[in-house]
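# Descriptive analysis of the structure
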Amino acid sequence: MQTAIIGAGAAGCFCAVNLKRLLPEMDITVYESGRRALAKVAVTGGGRCNLTNSFEYVRSVKEAYPRGEKLMKRALKVFSHEDVMAWFEREGVALTVQDDGCVFPVSQNAMEIVTTLTRLMTRYGIRLITERRIKDITPCGDGTYLIEGKRYDNVVVATGGAPQPSGLAFLDDMEIERIAPVPALFSLNINDKALHSLMGTVVENTTVRLAGTKLTAEGPLLITHWGLSGPAVLKLSSYGARVLHEKDYVTDIVVNWLGQENEAQTAETLQRYIDENGKKQLSTVHPETLVQRLWLFLLDRAGLTPQKRWQELGIRQINRLTAVLTGDIYRTAGRGVYKEEFVTCGGVALSNLNPATMECRKYPHLFFAGEATDIDAITGGYNLQAAWTTGYIVSKAISSLAER
């Protein structure tokens, strides 16, 4: 039997290795349009490879997967983050779980993951053909498919995210429903020189929201020389990927610099500063989570001078400062383009697929895995987890078909 896998990314390579283990007699060819396999894995996590997450800090699967939540909830019961960790550890990759739940190789080197998978592919005789872009898949009518003039019993599409609709153009003739792709996981540009002067400043606990929506995200926020970034903003861009795209990435973002504190709680805190530090200047007393230069910046946004004394604040000034601390509004001016931020929202519609096997309902023996489908996640290793999980499920499904 012969299987073609289109795409030598995380999902495709993981599927190939597991399928070969399940069916040693299976002949597997992996086609990759780029120059080398696992190119994205090599740079993910800043080159350290955040390969999964402990899921400890998400309240639900939906919080991690804005699109594909139902399928992933089911899929993770088949092959979970614990299974991923155990799989790589069996291959000799020592792993570490960070305080935020992100899982990395102890080596902090993504190439350890790349080398592990490519070594296994070589050992098992899995054929890898690079710099070969597949132009079409031709169903033969008997459950087999013609690719590059060769007939395959099974085909797995694992091409990763396609920023342009043309990325999955080889499916056009098959009339498989696709969701138009748009970028996800990106920073936001803000045209504010005063804000830019704070580049490098990190606030560990913030809440950010897209104005006019209920879309919010929590976590660390990073001020950059172009605007706002960090886990909170990246998560918000994932949740609001389509909303932001529709607005051409120009909208208002609301920042609560104090995390989950509401206006009433913040007003109480400010009143305590007045009661306990009334004679001190505003510049000398501030929330401990905010560094001095950010505090001075926020005072200016509230129209307050740093030399003013706390006891001199009137109710209107307290209200202004409260509003800035808990609902600071910035106008976005586009999305940041960062080479690490390559996640795409969209792809093959999940309605096409059997969620238990990732097999196409319309075309038997045609499977989809990873980001080629309309599954994507927030930052933190969840996207790679989806790749490992769906790739594994496809390998199991093909194995079951072969055994019938």
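About the cut-offs
- Residues numbered from 1 in each chain as written.
- Predicted model: local features only at pLDDT ≥ 70, side-chain atom pairs only at ≥ 80, totals over all residues.
- Heavy atoms only, no water.
- Pairing = 2+ DSSP bridges.
- Helix = DSSP H or I, 4+ residues; strand = E, 2+ residues; numbered from the N terminus.
- Contact = heavy atoms within 4.5 Å.
- Axes fitted to C-alpha atoms, helices over the stretch in contact; angles between N-to-C directions.
- Parallel < 35°, antiparallel > 145°, perpendicular 65-115°, else oblique.
- Left-handed = near helix turned anticlockwise from the far one by under 90°.
- Salt bridge = Lys/Arg side-chain N within 4 Å of Asp/Glu carboxyl O.
- Buried < 20%, exposed > 50% of the residue type's maximum accessible area, 1.4 Å probe, protein only.
- Phe/Tyr/Trp six-rings, centres within 6.5 Å; stacked < 30°, edge-to-face > 60°.
- Lys NZ or Arg CZ within 6 Å of the ring centre and 35° of its normal.

## Examining the sheet that holds strand E8 (residues 145–147)
Taken together, three strands build an open sheet; the order of strands is E7-E8-E9 and the sheet is antiparallel. Only two strands of the sheet have a single neighbouring strand rather than two, namely strand E7 (138–139) and strand E9 (150–152). Note: E7 against E8, two bridges, orientation antiparallel. Bridge pairing in E8 links proline 139 to tyrosine 145.

## Notes on the side chain of threonine 373
With respect to the element layout, threonine 373 can be found in the loop between strand E21 (366–368) and helix H13 (382–403). The contacts of threonine 373, once residues within four sequence positions are left out, are Gly346, Gly347, Val348, Leu350, Leu353, Met358 and Phe368.

## Examining the packing of helix H11 (residues 292–301) against helix H12 (residues 315–327)
In helix packing, the relevant descriptors are the interaxial angle and the interaxial distance, both defined with respect to the helix axes. It is at 9 Å that the axes of H11 and H12 come closest, and there the two elements cross at 125°. The orientation of H11 with respect to H12, classified from their angle, is oblique. Crossing hand, H11 versus H12: right-handed. Where H11 abuts H12, its residues Trp295, Leu298, Leu299 and Arg301 lie against Leu321, Val324 and Leu325.

## Observations concerning the pairing of strand E14 (residues 216–223)
Note that strand E13 (residues 202–210) and E14 share six bridges and pair antiparallel. Across the sheet, the residue bridging to arginine 209 is threonine 216, located in E14. If you look at the hairpin formed by E13 and E14, you'll find five residues sitting between the two strands, and glycine 212 has a positive phi there, around 80°. Linking two consecutive strands that pair antiparallel, namely E14 and strand E15 (residues 227–229), is a turn of three residues.

## As for the pattern of salt bridges
Applying the stated criterion across every chain yields a total of 11 salt bridges. With a shortest N-O distance of 3.4 Å, arginine 59 and glutamate 63 are connected by a salt bridge. When its relative accessible area of 68% is taken as the criterion, arginine 59 is described as exposed. Linking arginine 178 and aspartate 172 is a salt bridge whose minimum nitrogen-to-oxygen distance equals 2.8 Å. Here arginine 178 falls in the partly exposed class, since its relative accessible area comes to 28%. Exposure remark for aspartate 172: the relative accessible area of 43% places this residue in the partly exposed category. The network of salt bridges with common partners includes Asp192, Arg301 and Asp328.

## Quick word on unusual backbone geometry
If you check the backbone angles, aspartate 248 has positive phi at about 55° while not being a glycine. The residue aspartate 248 is located in the loop between helix H9 (241–246) and strand E16 (252–256) in this model. Looking at aspartate 248, the relative accessible area reads 56%, which means it is exposed. Positive phi outside glycine occurs at tyrosine 249, with the angle close to 65°. Following the sequence through the fold, tyrosine 249 ends up in the loop between H9 and E16.

## Here's the deal with the sheet that holds E14
Taken together, six strands build a closed barrel; the order of strands is E12-E15-E14-E13-E16-E17 and the barrel is antiparallel. When the angles between neighbouring strand axes are averaged without regard to direction, this sheet yields 50°. As judged from the four bridges shared by E16 and strand E17 (residues 328–335), these two strands associate in the antiparallel manner. Paired with valine 254 across the strands is isoleucine 329, a residue of E17. Here helix H8 (residues 231–239) sits on the sheet and contacts strand E12 (188–190), E13, E14, E15 and E16; the angle it forms with E14, its principal contact strand, is near 135°. On top of the sheet, H11 reaches E13, E14 and E17; it is set at about 105° to E17, its chief contact.

## Some words on the packing of aromatic side chains
What the rule picks out here adds up to 13 aromatic pairs. Every member of this aromatic cluster is reached through a ring pair, and the members are Phe14, Phe79, Trp87, Phe88, Trp388 and Tyr392. One Lys or Arg, arginine 48, reaches over the ring of phenylalanine 104 and ends 4.0 Å from the middle of that ring. Seen from the ring of phenylalanine 186, arginine 335 lies directly overhead, with NZ or CZ sitting 5.9 Å from the centre.

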